[in-house]
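Residues per chain, in single letters:
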Amino acid sequence: MSNIVLAQAAAETVNLNKGLAAMGFGLGAIGPGIGVGLIFAAVINGTARQPEAQSKLQGIAFTTFILVEVLALLGFVLYFIAAG
């Protein structure tokens, strides 16, 4: 096989990896999206049941929100590593 054919095959593989990395990040972003929804749904539910506990619930909610979003950002960084 000539070097031109091998270089073209290698370039196509890189493009495939970028596409797979983008799909992987898209699928990985579903989890944090669901997690954030569940966190704040629980805060709303807890506040409706026990209004005086709202400040404690919001503190816990924002702490867990930050942890979930860190996982989403980690997936974003791994996308660039895989696509690079």
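Above this text sits the structure in question.
Everything numeric in this text was worked out from a predicted model, so none of it was measured. (Residues numbered from 1 in each chain as written. Predicted model: local features only at pLDDT ≥ 70, side-chain atom pairs only at ≥ 80, totals over all residues. Heavy atoms only, no water.)

Asker: Hey, could you run me through the packing of helix α2 (residues 30–49) against helix α3 (residues 54–83) in this one?
Answerer: In a packed pair of helices, the relevant descriptors are the angle between the two axes and the axis-to-axis distance. In the contact formed by α2 and α3, the axes pass within 9 Å of each other and the chain directions differ by 180°. Viewed along their axes, α2 and α3 adopt a mutual orientation that is roughly antiparallel. For the pair formed by α2 and α3, the contact residues are Pro32, Val36, Ile39, Phe40, Val43, Gly46 and Thr47 on the first element and Gln54, Leu57, Gln58, Ala61, Phe62, Thr64, Phe65, Val68, Glu69 and Ala72 on the second. Grouping the constituent residues of the contact of α2 with α3 by class yields 11 nonpolar, five polar and one charged. (Axes fitted to C-alpha atoms, helices over the stretch in contact; angles between N-to-C directions. Helix = DSSP H or I, 4+ residues; strand = E, 2+ residues; numbered from the N terminus. Parallel < 35°, antiparallel > 145°, perpendicular 65-115°, else oblique. Contact = heavy atoms within 4.5 Å. Nonpolar A, V, L, I, M, F, W, Y, C, P; charged D, E, K, R; others polar.)

Asker: Would you explain the nonpolar core in this entry?
Answerer: The nonpolar side chains of soluble globular proteins are, as a tendency, buried together. In terms of nonpolar packing, the biggest core is built from five residues, these being Val36, Ile39, Val43, Ala61 and Val68. Secondary structure elements with two or more residues in this core: α2 and α3. Aside from chain neighbours lying at most four places away, what touches Ile39 is Ala61, Thr64, Phe65 and Val68. (Core = buried A, V, L, I, M, F, W, Y, C linked by side-chain atoms within 4.5 Å. Buried < 20%, exposed > 50% of the residue type's maximum accessible area, 1.4 Å probe, protein only.)

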